[in-house]
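Fold and contact review
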Amino acid sequence: MTLFITKVWGFDNPCGPLVFNSLGWRANAVEQLRPGDRVILVGTMGEDTAPENHNRVMGMMEPSTEPVAAIDFIVPDQSNRRFFREDGSYRWPFGLLNFRAWEFEPGLLLADAAPREGNAFGSAAAAGIVPLTAEEERRVLAHPHAEVQLLTSLRTNTRLFGEDEARRRNAPPPTEGARRGIMHMRKGMAHVYWFQLAIDDQIVGHKIGWAFDFRQRLRQFRAVSIAALGGLQYEAHRFQPLESAKLAFKVEQGILRTFDPHRHRANREVLTGIQVTAVQEVWDRFMRDALLGRL
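Here's what I pulled together on the structure shown here. What you see is a predicted model, and the numbers here were worked out from it, not measured in a lab.

Criteria and cut-off values
Residues numbered from 1 in each chain as written. Predicted model: local features only at pLDDT ≥ 70, side-chain atom pairs only at ≥ 80, totals over all residues. Heavy atoms only, no water. Helix = DSSP H or I, 4+ residues; strand = E, 2+ residues; numbered from the N terminus. Buried < 20%, exposed > 50% of the residue type's maximum accessible area, 1.4 Å probe, protein only. Contact = heavy atoms within 4.5 Å. Areas by Shrake-Rupley, 256 points an atom, 1.4 Å probe, with all protein chains shown as cover. Salt bridge = Lys/Arg side-chain N within 4 Å of Asp/Glu carboxyl O. Core = buried A, V, L, I, M, F, W, Y, C linked by side-chain atoms within 4.5 Å. Phe/Tyr/Trp six-rings, centres within 6.5 Å; stacked < 30°, edge-to-face > 60°. Lys NZ or Arg CZ within 6 Å of the ring centre and 35° of its normal. Pairing = 2+ DSSP bridges. Axes fitted to C-alpha atoms, helices over the stretch in contact; angles between N-to-C directions. Parallel < 35°, antiparallel > 145°, perpendicular 65-115°, else oblique. Left-handed = near helix turned anticlockwise from the far one by under 90°. Nonpolar A, V, L, I, M, F, W, Y, C, P; charged D, E, K, R; others polar.

1. Remarks on the overall build of the chain
Looking only at helices and strands, the chain features 10 helices and 11 strands. Out of the 295 residues belonging to the chain, those deemed buried represent 43%. Taking contacts inside the chain between residues at least 6 apart in sequence as the whole, the part at least 24 apart equals 72%. For the chain, the accessible surface area stands at approximately 15,900 Å², while carbon and sulfur atoms represent 52% of it.

See the structure below:
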């Protein structure tokens, strides 16, 4: 096992992924990491780190080399603008999935564990990971630390384990009673979907909705439309799994309200007379806001 260091502003418990500000620094870490390696998180000396955490060894991760999106796990504090760049994007969007994580008791400073001269770790430790020596590793691991829980991600679990297993892993505990059962379903995983409606391969509308199983919903629409007899053709254009049916409904309604003048009189969930690019722009905005916890 090799122990690496990276500089951070803080450590969260439960713990999210190991994050980086660029694809290049994440790729650099993937090249260095081997199974069983760990990364310790040390507070920077800047004003963005709480004074009591300056130069402090705060946490440790055992990362995989599985790339993930940080915002699938983390909901950044929107009121803290230092977490975002001028264009509004999150500063550390590129992550590596963790196998395990630990939190250190206060009292261990990097200057004591790894007393190197000058700014020996430099910018590489601020943006990426830097290996420690065997003696430095011994000093760090000798300090008391305890394992902490990891944050989970619906999107990542879907990609790693499949949709059925992801639904099980993210499902809330069962409840009793009809009303409580309804609320249980509202808290369960659901999809927002965007189906395109076409006649003779010409797009004539957009169906926006939510469902626990968007594929089943698509089959239902296709069965009714009877495309072979000249009816509408329904095609799944976009879909997004979200943490709850309540959130999926909120996103669906937000998109539809944005295009209220374009909602069809016969079906208020169908949009007509609007370009794909316009729907795409609004779809992307609402999905970004939902995943960042802004809704």
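2. Details of the pattern of salt bridges
Counted by the stated rule, this structure contains seven salt bridges. Note that Lys207 and Glu269 form a salt bridge whose closest N and O atoms lie 2.6 Å from each other. One end of the pair, Lys207, is in strand β9 (residues 202-211); the other, Glu269, is in the loop between α9 (245-258) and β11 (270-271), and 62 residues separate them in sequence. Via salt bridges that share partners, Glu135, Arg138 and Arg139 belong to a single interconnected network.

3. Quick notes on the nonpolar core
One broad trend across soluble globular proteins is that nonpolar side chains are buried collectively. Val192, Ile208, Leu242, Val251, Ile255 and Phe259 are the most contacted members of the largest nonpolar core, which totals 21 residues. Among the elements that make up this core, the one with the highest residue count is helix α10 (residues 276-291) (seven residues). Once residues lying within four places of it in the same chain are set aside, the contact partners of Val251 are Val192, Leu242, Phe286, Met287, Ala290 and Leu295.

4. What to know about the packing of aromatic side chains
Tallied over the entire structure, the rule returns five aromatic pairs. When the centroid spacing of 4.9 Å and the interplanar angle of 90 degrees are considered together, the rings of Trp9 and Trp92 count as edge-to-face. One end of the pair, Trp9, is in the loop between β1 (3-8) and β2 (18-20); the other, Trp92, is in the loop between β4 (57-69) and β5 (94-104), and 83 residues separate them in sequence. Look at Trp9 and you get partly exposed, because its relative accessible area is 24%. Arranged with centres 5.3 Å apart and planes meeting at 85 degrees, the rings of Trp210 and Phe212 form a pair that is edge-to-face. Above the face of the Phe239 ring, Arg215 is positioned so that its terminal group lies 5.9 Å from the ring centre.

5. So, unusual backbone geometry
That bond from Asn13 to Pro14 is cis: its omega, 5 degrees, falls within 30 degrees of zero. Its location among the elements puts Pro14 in the loop between β1 and β2. Unlike most non-glycine residues, Asn55 shows phi in positive territory, near 65 degrees. Looking at the secondary structure, you find Asn55 in the loop between β3 (38-43) and β4. Using a relative accessible area of 17% as the deciding quantity, one classes Asn55 as buried.

6. Concerning the sheet that holds strand β10 (residues 233-242)
What the four strands build is an open sheet, ordered β10-β8-β9-β11; its pairing is antiparallel. Of all strands in the sheet, those bounded by a partner on one side alone are β10 and β11. Bridge count for strand β8 (residues 190-199) against β10 is nine bridges, and the pairing is antiparallel. Counterpart to Leu197 in the pairing with β10 is Tyr234.

7. Points about the packing of α9 against α10
Interhelical geometry of α9 versus α10 gives an angle of 150 degrees and a closest axis separation of 10 Å. When the interaxial angle is binned, α9 and α10 end up roughly antiparallel. As α9 runs across α10, the sense of the crossing is right-handed. Listed contacts from α10 to Leu247, Val251, Gly254, Ile255 and Thr258 of α9 are Val282, Trp283, Arg285, Phe286, Met287 and Ala290. When its residues are assigned to classes, the contact of α9 with α10 shows eight nonpolar, two polar and one charged.

8. Some remarks on the pairing of β5
Bridge count between β2 and β5: three bridges; the pairing is antiparallel. Paired with Val19 across the bridge in β5 is Gly95. Note: β5 against strand β7 (residues 145-147), three bridges, orientation antiparallel. If you follow Trp102 over to β7, its bridge partner there is Glu147.

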